[in-house]
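Below are the chains, spelled out letter by letter.
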Amino acid sequence: MKGHPTVIRDHIELPASFPILISQTEGVSPPFQRLHWHTALEINYIVKGSGHYLINGNRCDFQQGDIVLINSNDLHRGFENEGLVMLIVMFDPAYLALEQRYDTELLTPFREMGSRFENVLDRRHPMLGRIGSVLLEMEGEYKAKESHYEAVVRAQMLRFLAFVNRYFSKADGMGASQSRGMEIIRQTLRRVEDHIGHPWTLKELAETAHLSPSRFSALFVQTVGTSPMDYLIQLRLSHAVALLETTDAKIIEIAAECGFRNLSNFNRLFKQHIGKLPSELRLTLK
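Numbering of residues starts from 1 in each chain and follows the order in which that chain's sequence is written. Only residues with pLDDT of at least 70 get local features here, since the model is predicted, and only at 80 or more are side-chain atom pairs given and counted; chain-wide, interface and lining totals rely on the full set of residues. Only hydrogens and water are set aside; all other atoms, that is, all heavy atoms of the structure, feed into the side-chain values.

Draft legend 1. Focus on the sheet that holds strand β1 (residues 20-26). Whether two strands pair comes down to DSSP finding at least two bridges between them. Secondary structure elements are taken from DSSP: a helix is a run of H or I of four residues or more, a strand is a run of E of two residues or more, and numbering for both begins at the N terminus. Spatially, the four strands line up as an open sheet ordered β1-β7-β2-β5, and their pairing is antiparallel. With one partner strand each, in any of the chains shown, β1 and β5 (67-70) form the two edges of the open sheet. The mean angle between the axes of side-by-side strands here comes to 20 degrees, regardless of whether they run parallel or antiparallel. Bridge count between strand β2 (residues 41-48) and β5: four bridges; the pairing is antiparallel. Paired with I43 across the two strands is L69, which belongs to β5. By definition in these notes, contact holds between two residues if any of their heavy atoms fall within 4.5 Å. Note on geometry: axes are C-alpha line fits, over the in-contact stretch for helices, and angles between N-to-C directions span 0 to 180 degrees. Strands β1, β2, β5 and β7 (85-91) of the sheet are contacted by helix α2 (residues 128-144), whose axis makes an angle of about 105 degrees with β1.

Spelled out as structure tokens, the structure:
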């Protein structure tokens, strides 16, 4: 892992059906005082106090009101000064994979750290306070857990990332090759969505993009945050949910229309990602 194989990865438990954790800490908790890394993306909002991170060997100082972004697999370690309180948001890179059908640059603030974006967002920018408020609203919804809070939290996350992309990007940071890569993935997402029931294979997807399977997979993961086949499963399940909500079609028919050739596999994946069986979801809609 980035030349540091002896540093053990932290396993962050994120619920499969809602892979995001939001919490506040006073100071830097002991597990995060050591050098560590994890696959979850991390957002820190400095509520009070100050301190600094070491991220991939670079020192990043922060103070009250700052927002710090940490990419998956980044080696980092936190150091606190007196009175530090942080709001910490951790989420699976695949959490917003489906939304990237419409905006493939949602996760660019993490993926292009050091080129178009910096770990600590520019505290001089007049929009910093506004996006900090979005994080606080997200935390409030997450804690209260009122009806439909998952949808509100997700919407606030989209809003936060959209604002970071809009206001904190360095305009000249993306090269021509990166722009071409984004367009390749955008076209692939459209093609898959238009033919959702097709039995896509990785080889076939790579061929439509005129890339080798390994190069296509690497580009897809870098852009979307999940593998092409995992994304395809999420897209199919999302379409299945819509059909369950809007049609009276039989579950086996919906499974087939969404590209699942095996009903038991469809039920298993649906339960794993949505949190309940298709039949259970349909009962709640009646």
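So much for the structure itself; the text now carries on.
Draft legend 2. Focus on the packing of α2 against helix α3 (residues 149-168). Interhelical geometry of α2 versus α3 gives an angle of 165 degrees and a closest axis separation of 9 Å. The pairing of α2 with α3 is recorded here as roughly antiparallel in orientation. The two elements α2 and α3 meet at a crossing, and its hand is left-handed. Facing L128, R130, I131, V134, L135, E137, M138, E141 and Y142 of α2, the residues of α3 in contact are Y149, V152, V153, Q156, M157, R159, F160, F163, V164, Y167 and F168. Each residue belonging to the contact of α2 with α3 can be placed in one class, and the counts come to 15 nonpolar, one polar and four charged. Each angle gets one of four labels, with under 35 degrees taken as roughly parallel, over 145 as roughly antiparallel, 65 to 115 as roughly perpendicular, and the rest as oblique. By definition, turning the near helix anticlockwise from the far helix through less than a right angle yields a left-handed crossing, and turning it clockwise yields a right-handed one. Amino acids outside the nonpolar list (Ala, Val, Leu, Ile, Met, Phe, Trp, Tyr, Cys, Pro) and the charged list (Asp, Glu, Lys, Arg) are all regarded as polar, and Gly is one of them.

Draft legend 3. Expanded view of helix α9 (residues 263-274). Given a helix with a known number of residues, its expected span is that number minus one, times 1.5 Å. Here α9 is twelve residues long and its end C-alpha atoms lie 16 Å apart, about the 16 Å a rise of 1.5 Å per residue gives. Throughout, exposure labels follow a simple rule: accessible area from a 1.4 Å probe, protein chains only, divided by the maximum for the residue type, with under 20% read as buried, over 50% as exposed, and the rest as partly exposed. Within the sequence span of α9, burial applies to F266, L269 and F270. Seen from one end, α9 has its buried residues packed into an arc of 105 degrees, which puts them on one side. Tucked inside the fold, the buried residues of α9 contact α7 (228-246), α8 (251-257) and α10 (278-284). Two residues or fewer after α9 comes G275, characterised by a positive phi angle close to 100 degrees. Throughout, the arc means the angular range of directions from the helix axis out to the C-beta atoms.

Draft legend 4. Representation of the sheet that holds strand β3 (residues 50-55). Strand order in this open sheet of three strands is β4-β3-β6, and the pairing throughout is antiparallel. Both outer strands of the open sheet, β4 (58-63) and β6 (76-80), are each paired with one neighbouring strand and no more. Shown here is a sheet whose adjacent strand axes are inclined to one another by a mean of 20 degrees, direction ignored. Sheet analysis places β3 next to β4, joined by six bridges and oriented antiparallel. Bridge assignment links L54 to a residue of β4, and that residue is R59.

Draft legend 5. Expanded view of the packing of aromatic side chains. Centres within 6.5 Å make a pair out of two Phe, Tyr or Trp rings, where for Trp the six-membered ring is used; the pair is then stacked when the planes are under 30 degrees apart, edge-to-face when over 60, and tilted otherwise. In this structure the tally under the stated criterion is eleven aromatic pairs. With centroids separated by 5.6 Å and ring planes inclined at 85 degrees, the aromatic side chains of F18 and Y149 adopt a geometry described as edge-to-face. Residue F18 is located in the segment before β1, and its partner Y149 is located in helix α3; the two are separated by 131 residues in the primary sequence. Judged by relative accessible area, Y149 falls into the buried class, the value being 13%. Among the aromatic residues, ring-to-ring pairing joins F18, F91, Y95, F110, Y142 and Y149 into one connected group. Our definition puts a charge over a ring when NZ of Lys or CZ of Arg is within 6 Å of the ring centre and also within 35 degrees of the ring normal. Seen from the ring of Y142, K145 lies directly overhead, with NZ or CZ sitting 4.1 Å from the centre. The aromatic ring of Y95 is capped on one face by R154, whose charged end is 4.7 Å from the ring centroid.

Draft legend 6. Seen up close, the nonpolar core. I20, I43, I67, F91, M157 and F160 are the most contacted members of the largest nonpolar core, which totals 34 residues. Every element with two or more residues in this core is listed here: β1, β2, β5, β7, α2 and α3. It is α3 that contributes the most residues to this core, eight residues altogether. Beyond its immediate sequence surroundings of up to four residues, F91 is in contact with L14, P19, I20, A40, L41, I43, L107, F110 and M157. Take the buried residues of types Ala, Val, Leu, Ile, Met, Phe, Trp, Tyr and Cys, join any two whose side-chain atoms come within 4.5 Å, and each joined set is a nonpolar core. Core analysis: the second largest hydrophobic core is formed by 17 residues, I185, L205, F216 and L235 among them.

Draft legend 7. The arrangement of the confidence of the model for the protein chain in detail. On average, the protein chain scores 86 in pLDDT, and the residues at 70 or more come to 89%. Values of pLDDT, the confidence the predictor places in each residue, fall between 0 and 100. Put simply, helix α4 (residues 176-194) is where the protein chain has its lowest mean pLDDT, 75, and β5 is where it has its highest, 97. Throughout residues 1-8 the model reports pLDDT below 50, and contacts reaching past four residues in sequence, or to other chains, amount to 13 contacts.

Draft legend 8. Looking closely at the pattern of salt bridges. When a carboxyl oxygen of Asp or Glu lies within 4 Å of a side-chain nitrogen of Lys or Arg, that pair is called a salt bridge. A full pass over the atoms with the stated rule returns eleven salt bridges. Of the charged contacts, one joins D66 and R123 as a salt bridge, the two residues approaching to 2.5 Å between their closest N and O atoms. Remark: R123 occurs in the loop between α1 (108-111) and α2 and D66 occurs in the loop between β4 and β5; sequence separation between them is 57 residues. Between K143 and E139 there is a salt bridge; the shortest N-O distance is 3.3 Å. You can see K143 and its partner E139 sitting in helix α2, four residues apart, about one turn around the helix. With a relative accessible area of 57%, K143 lands in the exposed category. The buried category is assigned to E139, whose relative accessible area is 7%. Through salt bridges with shared partners, a single ionic network connects E105, E112 and R116.

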